[in-house]
Amino acid sequence: MVEASGVLGVAAVALGMVLTPGPNMVYLVSRSITQGRRAGVVSLAGVALGFAVYLLATNLGLSVVFVAVPELYTAVKLAGAAYLGYLAWNALRPGGLSVFAPRDVPHDTPRRLFTMGLTTNLLNPKIAVMYLSLIPQFVDPGAGHVLLQGLVLGSVQIAVALTVNLALVLAAGTVSVFLARRPSWLRVQRLLMGTALGALAVSLAVDTSLPSGPG
């Protein structure tokens, strides 16, 4: 039903997007460093639920709502761009800290970690774009079962994103120690991530395209 080319296409796009610095990466890495891998995994569970919410909502007609009310899509997109801009400023401002820099923060409960992971993902504009604009391009109406195709392709994206993010959670502590011993590398990492976040925020804010309808 779902062609291999569609699965590979979604997997490739999903990999590119998850490797681009964004809210999920920033939150998961910083939480894993400050509170440990278990906290990172709990946070990732919240992120996973966010993916599932977007996947189900989109396949059940959320894209139709955004097409019918483009102002709503624009508002969500601009809110996401503002959030990315805020993250970029925190990384680039004088005295800003790298996401890999150790710091002392209050430890959150598992419930709060899960909720923050969910909220961060739901406000992640990259995920909105993924489900509203990209995945429908790989759905073939002629193959039938459009809803099932969307769910399968979305599941591929989720599998790729969770695998990469889990690797980041597990490796965050090791990377933090490595960079802490090399202050200049830590500064470079901060500048690169801040620049990437800022560029993504600007690109999202000036993008005038609208999501396509399902199928």
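Here the structure is a predicted model, which means the values were calculated and not measured.

## Some words on helix 5 (residues 110–122)
- Compared with the 18 Å implied by 1.5 Å per residue over 13 residues, the 18 Å span of helix 5 between its first and last C-alpha is a close match.
- Regarding helix 5, the residues found buried are Leu-113, Gly-117, Leu-118, Thr-120 and Asn-121. Along the axis of helix 5, the buried residues cluster in a sector spanning 165 degrees; they form a single face.

## Side note on the nonpolar core
- Counting residues in hydrophobic clusters, the biggest one holds 28 residues, and the most contacted among them are Leu-28, Phe-51, Met-130 and Tyr-131.
- Discounting chain neighbours no more than four positions away, the residues touching Tyr-131 are Phe-51, Tyr-54, Leu-55, Thr-58, Pro-136, Gly-154, Gln-157 and Ile-158.

## Re a nonpolar patch on the surface
- Residues Val-41, Leu-166 and Leu-170 make up a contiguous nonpolar surface patch of roughly 210 Å² in combined accessible area.
- Take Val-41: it is sitting in helix 3 (residues 37–68).

## Thoughts on helix 1 (residues 4–18)
- If you check helix 1, its first and last C-alpha atoms are 21 Å apart, about what 15 residues at 1.5 Å a residue would give, namely 21 Å.
- Turning to helix 1, its buried residues number three or more, namely Gly-6, Gly-9, Val-10, Ala-14, Met-17 and Val-18. Down the axis, helix 1 shows its buried residues gathered within 155 degrees of arc, on one side only. For helix 1, the exposed residues lying more than 90 degrees away from the buried face are Ala-4, Leu-8 and Ala-12.

So, how was this worked out
Residues numbered from 1 in each chain as written. Predicted model: local features only at pLDDT ≥ 70, side-chain atom pairs only at ≥ 80, totals over all residues. Heavy atoms only, no water. Helix = DSSP H or I, 4+ residues; strand = E, 2+ residues; numbered from the N terminus. Expected span 1.5 Å × (residues − 1). Buried < 20%, exposed > 50% of the residue type's maximum accessible area, 1.4 Å probe, protein only. Arc of directions from axis to C-beta. Core = buried A, V, L, I, M, F, W, Y, C linked by side-chain atoms within 4.5 Å. Contact = heavy atoms within 4.5 Å. Patch = residues over 30% accessible without salt bridge, like charges linked within 9 Å, V, L, I, M, F, W, Y side chains within 5 Å. Areas by Shrake-Rupley, 256 points an atom, 1.4 Å probe, with all protein chains shown as cover. Salt bridge = Lys/Arg side-chain N within 4 Å of Asp/Glu carboxyl O.

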